[in-house]
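Residue-level structure breakdown
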Amino acid sequence: MFNTPFLDLPPLLGAAGSVRLPGSKSISNRVLLLAGLCEGTTAIHQLLDSDDTQVMLAALRTLGCKVEAASGDDYGVRISGLGGRLQVREAALFLGNAGTAMRPLTAVLALLATLQGGRFDLSGVQRMHERPIGDLVDALRPLGCRIDYLGQEGYPPLRLQTGAAPLQINAPICVRGDVSSQFLTALLMALPLAAQASPVVIDVTGELISRPYIDITLKLLQRFGIEVMREGWSRFTIPAGSRYRSPGEIHVEGDASSASYFIALGAIAATAGPVRIEGVGAASIQGDVGFIDAARAMGAHVEAGAGWIEVRRAQWPLRAIDLDCNAIPDAAMTLAVMALFATGRTRLSGIASWRVKETDRIAAMAIELRKLGATVVAGDDFLEVTAPAAWQAASIHTYDDHRIAMCFSLAAFNALLPQQAAAGVAVRILEPRCVAKTFPDYFETLFSIVQTPAARIPVITIDGPSASGKGTVASAVAGALGYHLLDSGAVYRATALAASRSGIALDDETGLAGLAASLDLVCSAGSVRLDGFEVMDALRDEAVGAMASKVAALPAVRTALLRLQLSFRQLPGLVADGRDMGTVIFDKADLKIFLTASAATRARRRQAQLIEAGISANIDTLCAELEMRDARDKTRLVAPLKAAEDAVLLDNSFLSIEQSVAAVLDIWEQRRPF
Ligand code: DC
């Protein structure tokens, strides 16, 4: 997951390959709650692991449900339900920004507190306290539920507690259906707990929106033993004697809303081969698979079977559409971004519910689409988007809304449009971490199937002598940007270590080159594995460093290590540190830094490092060794240590690491188009 303040996407050029989607948020949270309410134990497989499901799990634990990890490869849990009996009578539940937790838990706990006694406080993040819940409270109060607003009238936080009167469920219960379908879902999931002696009837007033989500609710209720009778979309009857029963085992489908980004990706960028989506398919119970038809209407070639979807680009540029999106409200945001790739004006209507989601999505989409150069008209319940005549690089604000972050990532493919002539503009996604709400690995999944020439992937090189701090600075810069890191010194050190382990002499150039060419080296954050074993500490050894310097002077070794080093250049970008990163390996890098510090300063830093590692060292000896190593690195015939002509020189003798990092990031930022 990208935990950086922003994520820069360079212009991207193509996509092909297969992705597996995380579990559906809507199904996951419904199944979790139903498993928590029913009798018996339910094993839930392929559960979504995200912010929203974590708050639901935490709430269930607080309420006394037993939650264990389910066995198997996929993320799953085993929940022992309450069997409809409260075990905890007083609790404060924090529900983040999860509407799928707040609404149904409100209904369930209001009913149970009335039936069995109790007091529950439900709260969330600030935005949750701006998302309406009044219609649900208004539906529950006439039943005798005592619900108090702890903040603003009509919004969470709420207190639910034992009422003055017993529960009244003989008359039909009225709920509005035109603001959020989650209010009806909440009642449908809660009322089976009360439908004992007689059936319970729910009447929906106003036109019910987002009906496919009600379908999901009804199908899942069925899996848990409740057969709701539906008359049109306005009357729902829960039969008398309803009782939740565990299905024992349940598999969560991949998230169809998340599929929309990859369907759109296929429509825009799959020219070499299809984009294949695993985990959700034609027979899905999620309404958002209806997005497939919308994508086809815009010009995508889509095939789908049981549990899979394959998409290729057909019409290019895409075709504008005029569509009522009531049935696919979440996935429709993706259409708004696809409109950037279409000829003509796209009109999306029936999206009033966007205003009460994670953010006011109509306003947010309009503002952000305009930043890229699009012409946008935003109404109460519609959005009209015309593609930019001239694209502008833009920094996209994400409003703590996962879907804005995900759908706008597709804008990075603008280089594919004829008018962009393969040049394209970069797109910055602010606070990319917000995707954790439903798809924590969204960007990693996207990058795994994006095909963009390596030369297009940004590289920052940081070269310099030993102990100049380049390794620490490079690692911090990579961390701040979410970029990959190449510590090329470690590559030479690993070669030296492997040579000494296999007894190859340090002057056997052919033997060393052969070894280097087949080096089994895997580097990741805080770990370097050689032949499958962790060698991070072994590589830090001064003796290994000295050997590395000798090995590195051999031309055949350097050639043999070229491909390995180049392979680190992956999306979203790379920070590479060493001696010849800017001069040889990445000689066309986007930014080259040459980091220096006086020999005395560097010797002091090295001494501090060694002391921290429990090794004593004499400063004069260290200084002499550093100077000797620098002399060898500078005077060798191939790739000598020197600043590239276009490198920025940064003497950090008097700078702290933080200041050096800030200086590099500052220079980088000045070269960005945002
Ligand atoms: O940066 P370091 O101390 O880990 O590097 C160890 C040796 O490897 C160094 O003395 C020179 C060599 N090296 C190189 O020749 N080219 C690089 N890009 C990185 C390191």
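Everything below is about the structure shown above.
First things first, this report covers the structure right here in the doc. These numbers were taken from a predicted model, which means no experiment stands behind them.

**Section: the sheet that holds strand β5 (residues 77-80)**
The sheet built from four strands is open, its strands ordered β4-β5-β3-β14 with mixed pairing. Only two strands of the sheet have a single neighbouring strand rather than two, namely β4 (66-69) and β14 (249-251). Averaged over all pairs of adjacent strands, the angle between strand axes in this sheet comes to 20°, irrespective of strand direction. Pairing of β4 with β5 involves four bridges; the strand directions are antiparallel. Residue pairing in the sheet places K66 in a bridge with S80 of β5. Contacting β3 (41-45), β5 and β14, helix α1 (residues 25-37) crosses the sheet at an angle of about 35° to β5.

**Here's the deal with the pattern of salt bridges**
Applying the stated criterion across every chain yields a total of 36 salt bridges. With its nearest N and O atoms 3.9 Å apart, the salt bridge here joins K25 to D52. With K25 in helix α1 and D52 in helix α2 (residues 51-62), this residue pair connects regions lying 27 residues apart in the sequence. Judged on exposure class, the residue K25 and its partner D52 are both buried. Here R127 ties to E130 by a salt bridge, and the two come within 3.4 Å at their closest N and O atoms.

**Considerations on the packing of helix α17 (residues 542-551) against helix α22 (residues 619-635)**
In contact at an axis separation of 9 Å, α17 and α22 are set at 20° when each is read in the N-to-C sense. Put simply, α17 runs roughly parallel to α22. Regarding α17 and α22, the two cross each other, and that crossing is left-handed. Of the residues in α22, those touching α17 at E542, G545, A546, S549 and K550 are L622, E625, R629, R632 and D633.

**Digging into the pairing of strand β26 (residues 459-463)**
The two faces of the sheet receive side chains in turn, since in a regular strand these alternate between them. With five of five residues buried, β26 lies mostly within the body of the structure. Here β26 shows a buried face lined by V459, T461 and D463 and a second buried face lined by I460 and I462. Bridge analysis of β26 against strand β31 (residues 574-578) gives five bridges, and the strand direction is parallel. Each residue of the ladder has a partner; that of D463, found in β31, is G578. Bridge analysis of β26 against strand β32 (residues 591-596) gives four bridges, and the strand direction is parallel. By the bridge assignment for β32, T461 is matched with K592.

**With respect to the side chain of T185**
Within the secondary structure, T185 sits in helix α5 (residues 182-190). The exposure class of T185 is buried, given its relative accessible area of 4%. Side chain to side chain, T185 and T217 meet in a polar contact 2.8 Å long. Contacts of T185, omitting those with residues within four sequence positions, involve R30, Y213, I214 and T217.

Procedures and definitions
Residues numbered from 1 in each chain as written. Predicted model: local features only at pLDDT ≥ 70, side-chain atom pairs only at ≥ 80, totals over all residues. Heavy atoms only, no water. Pairing = 2+ DSSP bridges. Helix = DSSP H or I, 4+ residues; strand = E, 2+ residues; numbered from the N terminus. Axes fitted to C-alpha atoms, helices over the stretch in contact; angles between N-to-C directions. Contact = heavy atoms within 4.5 Å. Salt bridge = Lys/Arg side-chain N within 4 Å of Asp/Glu carboxyl O. Buried < 20%, exposed > 50% of the residue type's maximum accessible area, 1.4 Å probe, protein only. Parallel < 35°, antiparallel > 145°, perpendicular 65-115°, else oblique. Left-handed = near helix turned anticlockwise from the far one by under 90°. Polar contact = N/O pair within 3.5 Å; in protein donor to acceptor, adjacent residues only side chain to side chain.

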